[in-house]
Amino acid sequence: MIGRVLIRLIRCKHTIDYSRVPKLVESELEEQHVRGSGPGGQATNKTSNCVVLKHVPTGVIVKCHETRSLDQNRKKAREHLVTRLDNLLNGDQSVEAQIKMIESRKKLVKDRKREKLNMLKVEWKKRENLE
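Because the structure is a prediction, the values reported are computed rather than measured. (Residues numbered from 1 in each chain as written. Predicted model: local features only at pLDDT ≥ 70, side-chain atom pairs only at ≥ 80, totals over all residues. Heavy atoms only, no water.)

Concerning the pairing of strand β3 (residues 60-64)
- Across the two faces of β3 the burial differs, with Val60, Val62 and Cys64 buried and Ile61 and Lys63 not buried at all.
- As defined by bridge partners, strand β2 (residues 50-55) adjoins β3 across 5 bridges and the pair is classed as antiparallel. Note that in β3 the partner of valine 51 across the bridge is cysteine 64.
- A loop of 4 residues connects β2 with β3, the two strands running antiparallel in sequence, and glycine 59 in this loop sits at a positive phi of about 80 degrees. (Buried < 20%, exposed > 50% of the residue type's maximum accessible area, 1.4 Å probe, protein only. Helix = DSSP H or I, 4+ residues; strand = E, 2+ residues; numbered from the N terminus. Pairing = 2+ DSSP bridges.)

Topic: the side chain of serine 94
- Within the element layout of this structure, serine 94 appears in the loop between α3 (70-90) and α4 (95-127).
- Residue class for serine 94 comes out buried when judged on its relative accessible area of 1%.
- At a separation of 3.0 Å, a polar atom in the side chain of serine 94 contacts the main-chain carbonyl oxygen of glycine 91. (Polar contact = N/O pair within 3.5 Å; in protein donor to acceptor, adjacent residues only side chain to side chain.)

What to know about α4
- Along its 33 residues, α4 runs 48 Å from first to last C-alpha, staying within 8% of the 48 Å computed at 1.5 Å per residue.
- Along α4, the positions that sit buried rather than exposed are Val95, Gln98, Ile102 and Arg105.
- Following α4 by one or two positions, asparagine 129 adopts a phi angle in the positive range, close to 55 degrees. (Expected span 1.5 Å × (residues − 1).)

Considering α3
- The terminal C-alpha atoms of α3, which comprises 21 residues, lie 30 Å apart, in line with the 30 Å expected from a rise of 1.5 Å per residue.
- Looking only at α3, the buried set comprises Asn73, Ala77, Arg78, Leu81, Leu85 and Asp86.
- Contact partners of the buried residues in α3: β1 (29-34), β2, β3 and α4.
- In this structure serine 69 caps α3, since a side-chain oxygen of it lies 3.4 Å from the backbone nitrogen of aspartate 71. (Contact = heavy atoms within 4.5 Å.)

What about the pattern of salt bridges?
- All chains considered together, the criterion is met by 6 salt bridges.
- Note that arginine 78 and glutamate 26 form a salt bridge whose closest N and O atoms lie 3.0 Å from each other. Of this pair, arginine 78 sits in helix α3 while glutamate 26 sits in the loop between α1 (2-11) and β1, placing them 52 residues apart in sequence.
- A residue is classified by how much of its surface remains accessible, and glutamate 26, at 48% relative accessible area, is partly exposed.
- A salt bridge links aspartate 111 to arginine 114, with the nearest nitrogen and oxygen atoms 3.1 Å apart. Placement of both aspartate 111 and arginine 114 in helix α4 is noted, with a separation of 3 residues, approximately one turn of the helix.
- Each of Glu26, Glu31, Arg74 and Arg78 takes part in one network of salt bridges that share partners. (Salt bridge = Lys/Arg side-chain N within 4 Å of Asp/Glu carboxyl O.)

These figures come from the coordinates and say nothing about function on their own.
Structure (structure tokens):
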């Protein structure tokens with residue numbers, strides 16, 4: 001019975017609830033620009049394009065040094081901070097958790113289909129005396 005309910009849920013159109021995603025308020029953020037680390041030589045050693053964001057009410061800190069551009073790193077750091085806050089505040093109802101749940105359901109259905117086809121193949125081989 002649980003399997004049938006699960007299959008019905010999977011057949012429904014998947015919608016992810018974005019209503020609980022926290023909004024960033026700029027007054028609650030502390031932003032620093034520091035020198036990055038890692039490979040890159042002079043490009044990383046002389047420029048301060050690594051962004052460190054701190055969300056003051058929760059104390060969550062995010063460090064982003066994915067590109068050489070300060071503006072792009074600022075945008076990506078804010079995206080990472082929203083994701084971290086969403087995971088922290090919403091837990092199982094966060095966007096990442098919802099996506100992971102949908103993917104696991106799809107994998108379960110795919111595994112069941114593969115298992116059924118393998119069983120049918122074995123039965124066909126027995127019926128045709130191919131083994």
